[in-house]
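Structure at a glance
For reference, the chains in residue letters:
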Amino acid sequence: PNALANSARAIDAQLPILVLEERAGAGQPNMTHLPANIAPQELLNETLRCLAAAPKTAPVEPGPILLVDDDERLRNILQNFLELNQFEVAVASSGEELLERLKTASPRLVLLDLRMPGIGGLDALRGIRQVQPNLPVIIMTCVDEEPARAMAADWGANDYLLKPLSFEHLRTILHSRIWMRNEV
């Protein structure tokens, strides 16, 4: 339990943590150790107490995502999904358009199709790294090819997702990448 608590603490030092263990011991600040056999109502009360005492922070604004895909239908579906989930979205239909936009825009994240005519996803990723080396980039593709996956990792892609995309998984990854970038 302590390793997991320490991992969570590395992400957010103020995060309240409840640890259930055989022998409840002394904890760190914002960490409460409870016996493993605690009664359900007592556990609920302790959880509510910890949550009420946790510092309130402003939610992270998702911010602009640059969605790049040459498939207009998929681009529209993804844009609608993202906007319904409170993301601000800008779109581009090609690698060329993406690189042009990056000259004047600073998105928080790029959601990038791998296979596009003209400048494809890998070449666009190289271009992104030249102008915005720390910009999170999530690659999307229909084909899982190890050479493309390896090249994407070499050029600093943060994630490599296979289509069809799981919207829940995508939402989780987007929030995670944007939140981690805000922490840096």
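Described in the following lines is the structure provided in the data block. Just so we're clear, the structure is a prediction, and the values are computed from it rather than from any experiment.

1. Examining the overall build of the protein
Across its full length, the protein carries 7 helices and 7 strands. Shown N-terminal to C-terminal, the secondary structure of the protein runs as helices and strands in the order α-β-β-α-β-α-β-α-β-α-β-α-β-α. In the protein, the proportion of contacts linking residues at least 24 apart, taken out of those at least 6 apart, comes to 55%. Summed over its atoms, the accessible surface of the protein is roughly 10700 Å², and 55% of this surface lies on carbon and sulfur atoms.

2. Here we look at the sheet that holds strand E6 (residues 137-141)
Overall, parallel pairing links the 5 strands, which are arranged E4-E3-E5-E6-E7 in an open sheet. With one partner strand each, in any of the chains shown, strand E4 (88-92) and strand E7 (159-162) form the two edges of the open sheet. Averaged over all neighbouring strand pairs, the angle between strand axes comes to 20 degrees, with direction disregarded. As paired strands, E6 and E7 are joined by 4 bridges and run parallel to one another. Within the sheet, the bridge partner assigned to Thr 141 lies in E7 and is Leu 162.

3. Brief notes about the pairing of E6
With 5 of 5 residues buried, E6 lies mostly within the body of the structure. Along E6, one buried face is formed by Val 137, Ile 139 and Thr 141 and the opposite face, lined by Ile 138 and Met 140, is buried too. Alignment of strand E5 (residues 109-113) against E6, held across 4 bridges, turns out to be parallel. Looking at E6, one finds that Leu 112 is bridged to Ile 139. As for the winding sense of the linkage, the β-α-β connection from E5 through helix H5 (residues 121-131) to E6 is right-handed. Crossover handedness for the path E6 to helix H6 (residues 146-154) to E7: right-handed.

4. Here we look at the pattern of salt bridges
As enumerated under the stated definition, the model contains 9 salt bridges in all. Taking the shortest distance from any N to any O, the salt bridge between Lys 163 and Asp 113 comes out at 3.0 Å. One end of the pair, Lys 163, is in the loop between E7 and helix H7 (167-183); the other, Asp 113, is in strand E5, and 50 residues separate them in sequence. We classify Lys 163 as buried; its relative accessible area is 16%. Of the residues examined, Asp 113 reaches a relative accessible area of 4% and is grouped as buried. Across the salt bridge formed by Glu 168 and Arg 171, the nearest N and O atoms sit 2.1 Å from each other.

5. Here's the deal with the pairing of E5
Of all the 5 residues making up E5, 5 are buried; the element is thus mostly covered by neighbouring parts of the structure. The alternating pattern of E5 places Leu 109, Leu 111 and Asp 113 and Val 110 and Leu 112 on opposite faces, both of which are buried. Of the pairings in the sheet, the one linking strand E3 (residues 64-68) to E5 comprises 4 bridges and is parallel in character. When the bridges of E5 are listed, Leu 66 appears paired with Val 110.

6. Here we look at unusual backbone geometry
In the segment running from Lys 163 into Pro 164, the intervening peptide bond is cis, with an omega of 0 degrees. Along the chain, Pro 164 falls in the loop between E7 and H7.

7. Some remarks on a nonpolar patch on the surface
On the surface, Leu 44, Leu 48 and Leu 51 cluster together into a nonpolar patch covering about 290 Å² of accessible area. For Leu 44, the position within the fold is in helix H2 (residues 40-53).

8. Focus: the environment of Ser 106
Mapped onto the secondary structure, Ser 106 falls in the loop between helix H4 (95-101) and E5. Owing to a relative accessible area of 61%, Ser 106 belongs among the exposed residues under this scheme. The spacing of Ser 106 and Ile 65 is 41 residues in sequence and 9.3 Å in space, taken between C-alpha atoms.

Cut-offs used in this document
- Residues numbered from 1 in each chain as written.
- Predicted model: local features only at pLDDT ≥ 70, side-chain atom pairs only at ≥ 80, totals over all residues.
- Heavy atoms only, no water.
- Helix = DSSP H or I, 4+ residues; strand = E, 2+ residues; numbered from the N terminus.
- Contact = heavy atoms within 4.5 Å.
- Areas by Shrake-Rupley, 256 points an atom, 1.4 Å probe, with all protein chains shown as cover.
- Pairing = 2+ DSSP bridges.
- Axes fitted to C-alpha atoms, helices over the stretch in contact; angles between N-to-C directions.
- Buried < 20%, exposed > 50% of the residue type's maximum accessible area, 1.4 Å probe, protein only.
- Right-handed = clockwise from strand over helix to strand, strands pointing away.
- Salt bridge = Lys/Arg side-chain N within 4 Å of Asp/Glu carboxyl O.
- Patch = residues over 30% accessible without salt bridge, like charges linked within 9 Å, V, L, I, M, F, W, Y side chains within 5 Å.

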